[in-house]
Protein chains: 2
Amino acid sequence: MPDPVPARRGRPGYDRESLLAVAVKLFNERGYDGTSMEDLSRRLGISKSAIYHHVPGKAELLRLAVSRALDGLFAEIDKLDAVDGRAIDRLEHLVRGSVIVLAEQLPFVTLLLRVRGNTAAEREALARRRQFDQLVTDLVTKAAAEGDLRPDVDPASAARLLFGMVNSLTEWYRPRGRASAAALAETVITVAFSGLRVRPAAAVRAGGRAPGHGNRAPDPCPAR
Amino acid sequence: MPDPVPARRGRPGYDRESLLAVAVKLFNERGYDGTSMEDLSRRLGISKSAIYHHVPGKAELLRLAVSRALDGLFAEIDKLDAVDGRAIDRLEHLVRGSVIVLAEQLPFVTLLLRVRGNTAAEREALARRRQFDQLVTDLVTKAAAEGDLRPDVDPASAARLLFGMVNSLTEWYRPRGRASAAALAETVITVAFSGLRVRPAAAVRAGGRAPGHGNRAPDPCPAR
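My aim in this report is to walk through the structure given alongside it, one point at a time. Note that this is a predicted model, so its numbers are computed, not measured. (Residues numbered from 1 in each chain as written. Chains lettered and ligands numbered in written order. Predicted model: local features only at pLDDT ≥ 70, side-chain atom pairs only at ≥ 80, totals over all residues. Heavy atoms only, no water.)

### Quick notes on the overall build of chain A
Link 1 in the chain: Helices and strands together make up the secondary structure of chain A, namely 11 helices and zero strands.
Link 2 in the chain: Helices (α) and strands (β) of chain A occur, in sequence order from the N terminus, as α-α-α-α-α-α-α-α-α-α-α.
Link 3 in the chain: Going through the 224 residues of chain A one by one, you find that 50% of them count as buried.
Link 4 in the chain: Partitioning the contacts of chain A with sequence separation of at least 6, the portion at a separation of at least 24 is 67%.
Link 5 in the chain: Per element, the accessible surface of chain A, about 10,800 Å² overall, is 55% carbon and sulfur. (Helix = DSSP H or I, 4+ residues; strand = E, 2+ residues; numbered from the N terminus. Buried < 20%, exposed > 50% of the residue type's maximum accessible area, 1.4 Å probe, protein only. Contact = heavy atoms within 4.5 Å. Areas by Shrake-Rupley, 256 points an atom, 1.4 Å probe, with all protein chains shown as cover.)

Below, the structure written as structure tokens:
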């Protein structure tokens, strides 16, 4: 019987998946534009023609990588059909799901967010990303129409700031497993939907004073 | 008397400032790493030696550009000494000031946020950026100690999410003057400190229902 795990000889062997992982890491370090097939061949330790055995070129690697990110994000949109209730609750579900996708597909989402549109493959990715952003904006607009969004925030800005916060995770989050990603999602939801400040009344209860100046919604408890 | 505005002949003349503006635009489009002096010379329409007349090299252009951003941000930190009151209020001032700096120095802050640390000049910029981030984290930690930060959010994550939201503006904000930047700052503050959802009580008043599920602070108005 042949050895089921053949010993590696010399340079490592790649399948499409492991080749993609190395390519995405390099794209994220040097930029997609700034990475040539030559750079990729050097990093992988295999010839360019060995790379072409797996993929027709650099653009295909980008397409595979950003599809991984986008398919995950659109799957979260599809799940919303099963969520009853108000738009703001579906929005909360979408934020939770997006944070999990981001944590699980971190290098792929990072690449998606860094794509600048200098080539056709990048522009394709940007078009699908804009579609996702539009669905988020629609949901925020619906939440506003249902009276659940703060009236002093316009829905378009709210949508951008919300996903600006989610997307910023690619700058600092380092995956530490499922539980950590789930906890992170709850933190994002708390900050985004409830804000950083404790409620005025809670601040008083905790021995602080209620914050005194502008930009705040009217106290919901005027009778106190 | 000579003509006070000499007619331009052929290629445009640059001073250091206008040269820097073009360089930063190109760095933001192609990445700092991905831009050679050759690229810069082509975009400017002047020779490389004409560029060297203004600056010793590419790294100096990066230094000038990110200093513009960082000096603006650290000036906002210095202003906090004059702000009385609690850490959360100073944090709010800092967010407002940072959004204004970002809006007024948009290309420079954008470049700062895209710097990846592949060269010494980039690593210098990153080190100063980390200093700023540390000052933000200290302020958030103080706000937590004073009981003004939501207890279900850890200060380090809060600081990152807060400035993740602020920094995300470089991805979509297009300057439209001082009034627009000030309005944007108020929107960011409202979302970050008070959250997207209207207060439960306000939602009920507006004919909606209070959101029903998890992750929320206790209702501050339990007597109702």
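### Focus: the pattern of salt bridges
Link 1 in the chain: Summed over the entire model, instances satisfying the criterion amount to 39 salt bridges over all chains.
Link 2 in the chain: A salt bridge links Arg86 of chain B to Asp148 of chain B, with the nearest nitrogen and oxygen atoms 2.5 Å apart. In this pair, Arg86 of chain B is assigned in the loop between helix H4 (58–79) and helix H5 (87–104) and Asp148 of chain B in the loop between helix H7 (120–145) and helix H8 (155–167), connecting sequence segments 62 residues apart.
Link 3 in the chain: Here the salt bridges do not stand alone but share partners, grouping Asp89, Glu92, Arg96 and Glu186 of chain A together with Arg197 of chain B into one network. (Salt bridge = Lys/Arg side-chain N within 4 Å of Asp/Glu carboxyl O.)

### Details of the packing of aromatic side chains
Residues and elements named next belong to chain B.
Link 1 in the chain: Enumeration according to the criterion identifies six aromatic pairs over all chains in this entry.
Link 2 in the chain: Measuring from centroid to centroid gives 5.0 Å for Phe27 and Tyr32, while their planes differ by 80 degrees, and the two rings are edge-to-face.
Link 3 in the chain: The class for Phe27 is buried, based on a relative accessible area of 1%.
Link 4 in the chain: Taken together, a centroid distance of 5.9 Å and an interplanar angle of 80 degrees make the contact between Phe74 and Phe132 edge-to-face. You can see Phe74 sitting in helix H4 and its partner Phe132 sitting in helix H7, a full 58 residues away along the chain. (Phe/Tyr/Trp six-rings, centres within 6.5 Å; stacked < 30°, edge-to-face > 60°.)

### So, the packing of helix H7 (residues 120–145) of chain A against helix H8 (residues 155–167) of chain A
In a pair of packed helices, the angle between the axes and the distance between the axes together describe the arrangement.
Residue and element names in this part refer to chain A.
Link 1 in the chain: Running from amino to carboxyl end, H7 crosses H8 at an angle of 125 degrees, the nearest separation of the two axes being 9 Å. The angle between the axes of H7 and H8 places the two elements in the oblique class. Remark: the crossing between H7 and H8 carries right-handed chirality. Contacts between H7 and H8 involve Arg129, Phe132, Val136, Thr137, Val140, Thr141 and Ala144 on the former and, on the latter, Pro155, Ala156, Ala158, Ala159, Phe163 and Asn167.
Link 2 in the chain: Counted by class, the contact of H7 with H8 contains nine nonpolar, three polar and one charged residues. (Axes fitted to C-alpha atoms, helices over the stretch in contact; angles between N-to-C directions. Parallel < 35°, antiparallel > 145°, perpendicular 65-115°, else oblique. Left-handed = near helix turned anticlockwise from the far one by under 90°. Nonpolar A, V, L, I, M, F, W, Y, C, P; charged D, E, K, R; others polar.)

### Side note on the environment of Leu162 of chain A
Link 1 in the chain: Looking at the secondary structure, you find Leu162 of chain A in helix H8.
Link 2 in the chain: With 67 residues separating them in the primary sequence, Leu162 of chain A and Val95 of chain A have C-alpha atoms 8.4 Å apart.
Link 3 in the chain: Residues contacting Leu162 of chain A, with those up to four places away along its chain left out, are Leu91, Val95, Ala192 and Phe193 of chain A together with Leu196 of chain B.

### Some points on the environment of Arg174 of chain A
Link 1 in the chain: By the element assignment, Arg174 of chain A lies in the loop between helix H9 (169–172) and helix H10 (178–194).
Link 2 in the chain: Taking the C-alpha atoms as reference points, Arg174 of chain A and Ala103 of chain A, 71 residues apart in sequence, are found 8.0 Å from one another.

### With respect to the packing of H5 of chain B against helix H10 (residues 178–194) of chain B
Residue and element names in this part refer to chain B.
Link 1 in the chain: For the pair H5 and H10, interaxial distance at closest approach is 9 Å and the crossing angle is 140 degrees. As the angle between them shows, H5 and H10 are arranged oblique. As H5 runs across H10, the sense of the crossing is right-handed. Where H5 approaches H10, its residues Ile88, Leu91, Glu92, Val95, Arg96, Val99, Ile100, Ala103 and Glu104 are matched on the opposing element by Arg178, Ala181, Ala182, Leu184, Ala185, Glu186, Val188, Ile189 and Phe193.
Link 2 in the chain: When grouped by side-chain class, the residues that make up the contact of H5 with H10 number 13 nonpolar, no polar and five charged.

### Some words on the environment of Arg42 of chain A
Link 1 in the chain: Note that Arg42 of chain A resides in helix H2 (residues 37–44).
Link 2 in the chain: The spacing of Arg42 of chain A and Pro107 of chain A is 65 residues in sequence and 20 Å in space, taken between C-alpha atoms.

Keep in mind these values describe shape, not function.
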